[in-house]
Amino acid sequence: MKINKRNLKSSFHRQADESLTVFDFFSDPLAKFSVVLGKLDGKHGKKMNEVSGRAYLVLKGSGTIHVGEEQTNVEEMDIVYIPENTPHGIEGEMNLLII
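Definitions and limits used
- Residues numbered from 1 in each chain as written.
- Predicted model: local features only at pLDDT ≥ 70, side-chain atom pairs only at ≥ 80, totals over all residues.
- Heavy atoms only, no water.
- Helix = DSSP H or I, 4+ residues; strand = E, 2+ residues; numbered from the N terminus.
- Buried < 20%, exposed > 50% of the residue type's maximum accessible area, 1.4 Å probe, protein only.
- Contact = heavy atoms within 4.5 Å.

1. Looking at unusual backbone geometry
No. 1: The phi angle at Met 77 is positive, at roughly 75°, despite the residue not being glycine.
No. 2: The residue Met 77 is located in the loop between strand 5 (70-75) and strand 6 (79-82) in this model.
No. 3: Taking the relative accessible area as the measure of exposure, Met 77 reaches 59% and is therefore exposed.
No. 4: Even without glycine at this site, Asn 85 takes up a positive phi of about 60°.
No. 5: Within the element layout of this structure, Asn 85 appears in the loop between strand 6 and strand 7 (88-98).
No. 6: With relative accessibility at 43%, the residue Asn 85 sits in the partly exposed group.

2. Quick look at the environment of Asp 78
No. 1: If you trace the backbone, Asp 78 turns up in the loop between strand 5 and strand 6.
No. 2: Between the alpha carbons of Asp 78 and Ser 62 there is a distance of 9.3 Å; along the sequence they are 16 residues apart.
No. 3: Residues within four places of Asp 78 in sequence aside, it is in contact with Tyr 56, Leu 57, Val 58 and Asn 73.

Any functional reading would require information that these geometric values do not contain.
Listed below in structure tokens is the structure:
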């Protein structure tokens, strides 16, 4: 299935919390992954995904990604993999591709 702006539902844009705005491009429970653009301005507290791992690609900006007890400073074009069932959080000012 091809997904583009013309066939996205109204849930395309949402506010995850006060610091993170997300744009949902693709999400299907059967696929066990989603494709999201995120705009972070501040701190998004630790969460855990029990369905699948996540990959965060920094498209613009910089910050810190917390994975379990580790933290990694990131900047443009860095990618961080987060295994499923692992607490993770992000902080900084970044545009992210999250898969």
